[in-house]
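# Report on the structure
Chain residues, written in single-letter form:
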Amino acid sequence: MSNVIEAITASRANINNNKKNKKKVTTASIIGGLAGIGAGVGAVYALAKTKNPSIALKNLTYDEKDVLMVGLGAVTGGLTGGILSDKNKENHKYKLREAAQQYIGSIFFPVSMLAVVNKILDKANIKMPQIPSANGGFKVLNRIISMLPRAAATIITLVSGMEIGNKIVNKANNKIFKEEIKHDVKPEDYLVHADDLCLTASMLLKDVPYISSVTSKILPLTFIIAGSKVGMQQKEN
């Protein structure tokens, strides 16, 4: 009887320790992700200052290269926080695997493809029909209409880029880590690209300073999903 009680007590203690460890890892992953985002924004700001010494942090805007830099900071920060806090070292390789999946498959591939598509669109200089009116509201509407090709291209490129990128990285990960795992693109993976939606919104609504300034400020924080997901990754039971 005493052996049964000891086994139950040990099992409960193990469950409690796992819960505490998971909570600690989650907190550390989020903090690490935020720290990484801060470092990425700092790097973008430092580079922007070399071109424009008078630029203020609040007026900072982001292009595709900047998005890749902030994304790298978030993933690296989340990975560092997760590895340092997770007592189960067996989980570390799954965090490394997820880091590659998130950054290369879900950020680098689609954003790089988007940069190429945007250059093509700039050269194509597609003109959309405009509403003839001097009304301020119609000016904003005309701006949105003129950006419809770019908005559509952004969505198509990001979705296809994520699908292609994740398939390639998953195959590479299976060989590197010698473990067959199927990685499906999940809804939260698309949330990683809230940054590109913010970027697109900023371009669409350049004539509405309040909205474009808000999207620029929100953009870096959207990477917390990728960073924290990397740090919290563990072996599936």
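Everything below is about the structure printed above this text.
The notes below deal with the structure included here. (Residues numbered from 1 in each chain as written. Predicted model: local features only at pLDDT ≥ 70, side-chain atom pairs only at ≥ 80, totals over all residues. Heavy atoms only, no water.)

What follows deals with the overall build of the chain. Tallying secondary structure elements over the chain gives nine helices and zero strands in all. For the chain, the succession of helices and strands along the chain, N to C, is α-α-α-α-α-α-α-α-α. Taken over 237 residues, the chain has a buried fraction of 39%. Across the chain, the fraction of contacts at a sequence separation of at least 24, relative to all contacts at a separation of at least 6, is 78%. A total accessible area of about 13800 Å² is found for the chain, and carbon and sulfur atoms account for 66% of it. (Helix = DSSP H or I, 4+ residues; strand = E, 2+ residues; numbered from the N terminus. Buried < 20%, exposed > 50% of the residue type's maximum accessible area, 1.4 Å probe, protein only. Contact = heavy atoms within 4.5 Å. Areas by Shrake-Rupley, 256 points an atom, 1.4 Å probe, with all protein chains shown as cover.)

Our focus in this paragraph is a nonpolar patch on the surface. On the surface, Ile30, Leu34 and Leu221 cluster together to form a nonpolar patch covering roughly 250 Å² of accessible area. Looking at where Leu34 falls in the secondary structure, it is placed in helix 1 (residues 2-51). (Patch = residues over 30% accessible without salt bridge, like charges linked within 9 Å, V, L, I, M, F, W, Y side chains within 5 Å. Salt bridge = Lys/Arg side-chain N within 4 Å of Asp/Glu carboxyl O.)

Turning our attention to the side chain of Asn91. For Asn91, the position within the fold is in the loop between helix 2 (64-85) and helix 3 (92-124). If we skip the residues at most four places from it in the chain, Asn91 touches Asp86, Gln233, Gln234 and Lys235.

A few words now on unusual backbone geometry. Unusually for a residue other than glycine, Asn125 sits at a positive phi of about 50°. The residue Lys178 is not glycine, and still its phi comes out positive at about 50°. Note that Lys178 resides in the loop between helix 5 (148-176) and helix 6 (187-191). Given a relative accessible area of 74%, Lys178 falls into the exposed group.

Here we take up the pattern of salt bridges. For the structure shown, the criterion picks out five salt bridges. One salt bridge in this structure joins Lys65 and Asp63, with 3.4 Å as the shortest N-O distance. The residue Glu179 makes a salt bridge to Lys93 at a minimum N-O spacing of 3.5 Å. Of this pair, Glu179 sits in the loop between helix 5 and helix 6 while Lys93 sits in helix 3, and the two are 86 residues apart along the sequence. Residue classification places Glu179 among the partly exposed positions, given a relative accessible area of 24%. Given a relative accessible area of 34%, Lys93 falls into the partly exposed group.

The next subject is helix 3. Along its 33 residues, helix 3 runs 46 Å from first to last C-alpha, staying within 8% of the 48 Å computed at 1.5 Å per residue. At Phe108, helix 3 shows its largest kink, close to 35°, and the proline Pro110 lies no more than four residues downstream. Where helix 3 ends, the next residue or the one after it, Asn125, has phi of about 50°, a positive value. (Expected span 1.5 Å × (residues − 1). Bend = angle between axes of the 7 residues up to and from the residue.)

With that out of the way, let us pick up the packing of aromatic side chains. To describe a pair of aromatic rings, one takes the distance between the centres and the angle between the planes. Under the counting rule described, the total for this entry stands at one aromatic pair. On the numbers, 6.5 Å between centres and 40° between planes, the contact of Tyr103 with Phe108 is tilted. On the basis of relative accessibility, which here comes to 38%, the residue Phe108 falls in the partly exposed class. (Phe/Tyr/Trp six-rings, centres within 6.5 Å; stacked < 30°, edge-to-face > 60°.)

What follows covers the environment of Ser146. Examined against the element boundaries, Ser146 turns out to sit in helix 4 (residues 136-146). Each C-alpha atom of the pair Ser146 and Met128 lies 5.2 Å from the other, and the pair is 18 residues apart in sequence. Contacts of Ser146, omitting those with residues within four sequence positions, involve Met128 and Gln130.

Moving on, we come to the nonpolar core. Counting 21 residues, the largest nonpolar core has Leu60, Tyr62, Val70, Val75, Ile107 and Phe223 as its most contacted members. Of all the elements in the fold, those that place two or more residues in this core are helix 1, helix 2, helix 3 and helix 9 (224-232). Top contributing element to this core by residue count: helix 2, with six residues. (Core = buried A, V, L, I, M, F, W, Y, C linked by side-chain atoms within 4.5 Å.)

Their axes nearest at 7 Å, the elements helix 2 and helix 9 cross at an angle of 30°. In terms of their interaxial angle, helix 2 and helix 9 are classed as roughly parallel. Helix 2 and helix 9 meet at a crossing whose hand is right-handed. Residues Ala74, Val75, Gly78, Leu79 and Gly82 of helix 2 touch helix 9, and the partners they reach there are Ala226, Gly227, Val230 and Gly231. (Axes fitted to C-alpha atoms, helices over the stretch in contact; angles between N-to-C directions. Parallel < 35°, antiparallel > 145°, perpendicular 65-115°, else oblique. Left-handed = near helix turned anticlockwise from the far one by under 90°.)

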